[in-house]
Amino acid sequence: MASGTALIYDEEMTTHKLLWSDPICDIEVPERLSSSYEQLRSYHLVERCVHVPAREGSEEEILLVHSIEHLEVAKSTQTMNEEELKRVSENYDAFFFHPSTYHCARLAVGATLQLVDAVMSGRVCNGMALVRPPGHHSQRNAANGFCLFNNVAIAAEYAKLKYGLQRILIVDWDVHHGQGTQYIFEEDPSVLYFSWHRYEHQEFWPSLKESDYDAVGLGKGKGFNINLPWNKVGMGNSDYLAAFFHVLLPMAFEFDPELVLVSSGYDSGIGDPEGQMNATPEVFAHLTHFLMQLANGKLCVILEGGYHLKSLGESVCMTVKTLLGDPVPQITGEMAPCLSAVESIQNVRAAHKPYWKWLAYEDTSFLQNLSTKSHLLKKANSNPSTEHESKITNNNNTVKVERFLELHMKNILFPVPPIKTATTGSEGSEHFLPEHVQLVKEMDKTEIKALVSGFYADLVKEDKTLLSLGSMFVILDKILKKEVCNGIAASLTAALSAAVALRHSVRFGFQRVLCVFVGDMQMIPDTEDGRMLIINICDKEQSGKASCKHYISLNWKEDAEGNDFFSAVLGFILPVAYSYQPNLTVIAVGPNRSLGINGISLLVALLQGLAESRILAVIEDTEKSLMQSVAKTLVRASTPPFGIYVPPTQEKVNKIKALRDQFQQEWKMLQCSVKEGI
Ligand code: X5A
Ligand code: ZN
């Protein structure tokens, strides 16, 4: 399993610049590259990456996507004077040539291909290329929207050809629609293209009909083009996360790519003059973390747009930090997608229903008249708490954004230590646990007794169960003191250990602790004060306790053929967990578990996006392969085996839907359809 993160940056690419006045193009400045790199340097991220040199892409490589005519025009601009350059530039929508543009564009292509080679050869696990000019608007025969050659599209063709790949996912989180990329792969089922973009009912550039949600691909490529148009500005963290939970990730897991390429524009981040969106830099850490779970971690991030230098730099840092495996920063603020976002999500899900198995049983019959209703929704703005207040336009707000970024980043980037994982060394575990797992000594009986007799006496009634708490206590203690980020404790009594762990961390001062319990939970702590949220995944309904806001029982028995738990994790567990925003996650595996190693690994991997990646795993079944898999996932040594994707049965889809209906008022990230009557 490859490790390490590549970083590609070449100062040469700052020589491409606008020579005349043009109010449309003047935001695409060389400093976008140099200041992002400076920012990476200042957070000491550069030295943690593997430096990979850029190279010029060859003509042959460019011709994988572009016409010979386009290549020749570009080549001919190298020797032109300013007047001639201006004239050629005017042939395109929003593009400028400089004498060095052709050279830079070839470097941008080559840098992208170098990244693909570094990842595909196993020299690194993932990486980022900082390139200019960007690529995703560029088409077979035309420059467009600051883009000359389509770096990411060329990379996809190159990877298919050189490495024989059959499934590549392109995630385009730039705020503009990568129409160039869409055109190139429209009929190609081997490339799944996802783009969200500012659309405003076709009013925003490039104002194309084919950027809407109903452009699903053509011919054999039907179903492999996913457009999620944002019809309002001001979309934020919750809207982006909802898009990942309810649209991109289920499709991506079902598609099962061999390589993931990101058209990584940060003009979808807060403060950007083009996007006018509100998503904060750390959301990009989450998006990156999710994508790292695909394709065995093979992830190439390639810069596209991003025009607010500070916001751009911080977001680039968040991305690289996450690629390096650092803890994922917590997202702050209320977690609820806005009505307009939910409407878009619902529309794209409906449009793709014929092509994806996981959507097969979704009830979308009520959607027919949605497009006619959408103008109502556009004006409705009925619920001020779920709808964005206003655009960031005036200067006052610009100052706010600057200040926000400054304060915010100080908090986010500095105090978080790199991931450290602890476990107690019982039962010869050092022989099968991965490297970097820190072995700690269990607490002894007197220490535990002292702790338990005061505050947990009501929970721990039998003396003989005391000892089984030793492992849990010492690891929880290290997590609470921030000595380690996460850890695994073997316990003979998972339910008791979890109950004590929950109460102990609340007593320590945590406001919200999430507990995902797999198996029969023999004791259920009192969750009334909201400081704990328990999700119990079990075979049958547990007697004695009905589901409520802070105790949710999810009956699920993993399919024997493969993993059908994806749909429950993405469609229910993660949205609830992100709505809750825990400070600590406890994942406990008790007796009679209804999930296999695959399902549990999936849970552990994805729950690491929460609580600054603080996770305590308590495992009753000390089956080696389970312990090993959880440990590997916690140290991020490898992407765990999630097993083969199996779509959920009708019955299971109904179960998730029922739970969603039951809880979406309380846990708003569950919302993915606009209910009748709004
Ligand atoms: C790469 C990128 C934006 C072009 C905007 C033209 N291009 N109005 O973000
Ligand atoms: Zn853009």
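Please read these numbers as outputs of a predicted model, since none were measured by experiment.

Calculation notes
Residues numbered from 1 in each chain as written. Chains lettered and ligands numbered in written order. Predicted model: local features only at pLDDT ≥ 70, side-chain atom pairs only at ≥ 80, totals over all residues. Near = placed C-beta within 6 Å. Nonpolar A, V, L, I, M, F, W, Y, C, P; charged D, E, K, R; others polar. Pairing = 2+ DSSP bridges. Helix = DSSP H or I, 4+ residues; strand = E, 2+ residues; numbered from the N terminus. Axes fitted to C-alpha atoms, helices over the stretch in contact; angles between N-to-C directions. Buried ≥ 20, exposed ≤ 12 C-beta atoms within 10 Å, placed from the backbone. Domains from an automatic or database assignment. Contact = placed C-beta atoms within 7 Å. Expected span 1.5 Å × (residues − 1). Arc of directions from axis to C-beta. Parallel < 35°, antiparallel > 145°, perpendicular 65-115°, else oblique. Left-handed = near helix turned anticlockwise from the far one by under 90°. Core = buried A, V, L, I, M, F, W, Y, C linked by C-beta atoms within 7 Å.

### Looking at the site of ligand 1
Lining the immediate environment of ligand 1, one finds 14 residues, of which A94, P134, G145, F146 and G305 sit closest. A breakdown of the residues in the shell around ligand 1 according to their chemical character gives 6 nonpolar, 5 polar and 3 charged.

### A short note on the sheet that holds strand β9 (residues 421-424)
The strand order β10-β9-β11-β16-β15-β12-β13-β14 describes an open sheet built from 8 strands, whose pairing is parallel. Of all the strands in the sheet, the pair left with one neighbour each is β10 (437-440) and β14 (551-555). Each strand axis lies, on average, 20° off the axis of its neighbour in the sheet, ignoring direction. Here 5 bridges tie strand β15 (residues 584-589) to strand β16 (residues 615-619), and the two strands are oriented parallel to one another. Bridge pairing in β16 places V586 opposite L616.

### A few points about the environment of Y9
Take Y9: it is sitting in strand β1 (residues 5-9). Y9 gets classed as buried once you count the C-beta atoms within 10 Å, which come to 25.

### Quick notes on the domain arrangement of the chain
Segmenting the chain into domains produces domain 1 (5-413) and domain 2 (421-647). The C-alpha centroid of domain 2 is placed 36 Å from the C-alpha centroid of domain 1. Across the contact, 21 residues belong to domain 1 and 20 residues belong to domain 2. If you list the elements that add at least two residues to the side of domain 1 that touches domain 2, you get α8 (237-255) and α9 (281-291). At 6 residues, the largest contribution of residues to the side of domain 1 that touches domain 2 is made by α8. Partitioning the side of domain 1 that touches domain 2 into residue classes produces 11 nonpolar, 7 polar and 3 charged.

### Quick word on the environment of H136
The residue H136 is located in the loop between β3 (126-130) and α6 (151-163) in this model. Residue classification places H136 among the buried residues on the basis of 31 C-beta atoms within 10 Å. Sequence separation between H136 and F149 is 13 residues, and the spatial gap between their C-alpha atoms is 8.1 Å. Not counting residues up to four positions away in its chain, the partners in contact with H136 are C147, N150, V152, D172, D174, G178, G180, T181, S263 and E304.

### Some details on helix α20 (residues 650-663)
One turn of an α-helix holds 3.6 residues; hence residues three or four places apart share an orientation. When the terminal C-alpha atoms of α20 are compared, their 20 Å separation across 14 residues agrees well with the 20 Å that a helix rising 1.5 Å per residue should span. Regarding α20, the residues found buried are K652, V653, I656 and L659. Looking straight down α20, one finds that the buried residues subtend no more than 125° of arc, so they occupy a single side. Those residues of α20 that are exposed and angled more than 90 degrees off the buried face are Q650, E651, A658 and D661. Packed against the buried residues of α20 are β14 and α17 (566-580).

### Side note on helix α15 (residues 470-480)
Burial of α15 is extensive: 8 of the 11 residues sit out of reach of the surface. Those residues of α15 that sit buried are G470, S471, M472, F473, V474, I475, L476 and I479. One or two steps after α15, the chain reaches K482, where phi turns positive at roughly 60°.

### Re the packing of helix α5 (residues 101-120) against α6
Between α5 and α6, the least distance of the axes is 9 Å, while the angle of their chain directions is 40°. By the angle between their directions, the pair α5 and α6 is classed as oblique. Considering only the axes of α5 and α6, their crossing is right-handed. Where α5 approaches α6, its residues A108, V109, T112, L113, V116 and M120 are matched on the opposing element by N151, V152, I154, A155, Y158, A159 and Y163. Its residues assigned to classes, the contact of α5 with α6 comprises 11 nonpolar, 2 polar and no charged.

### Overview of the nonpolar core
Counting residues in each nonpolar core, the largest one holds 216 residues, and the members touching the most others are L261, A498, C515, V516, V586 and V618. For this core, the element with the highest residue contribution is α8, accounting for 13 residues. Residues from two domains meet in this core; each of domain 1 (5-413) and domain 2 (421-647) gives at least three. Leave out the neighbours within four places in its chain, and V618 touches M472, A489, S491, A494, S497, A498, A501, V586 and A588.

### Description of the sheet that holds β1
One open sheet accounts for 8 strands, arranged β2-β1-β3-β8-β7-β4-β5-β6; its pairing is parallel. Edge strands, defined here as strands with exactly one partner in the open sheet, are β2 (50-51) and β6 (225-230). As defined by bridge partners, β1 adjoins β2 across 2 bridges and the pair is classed as parallel. Pairing of A6 across the sheet is with V50, part of β2.

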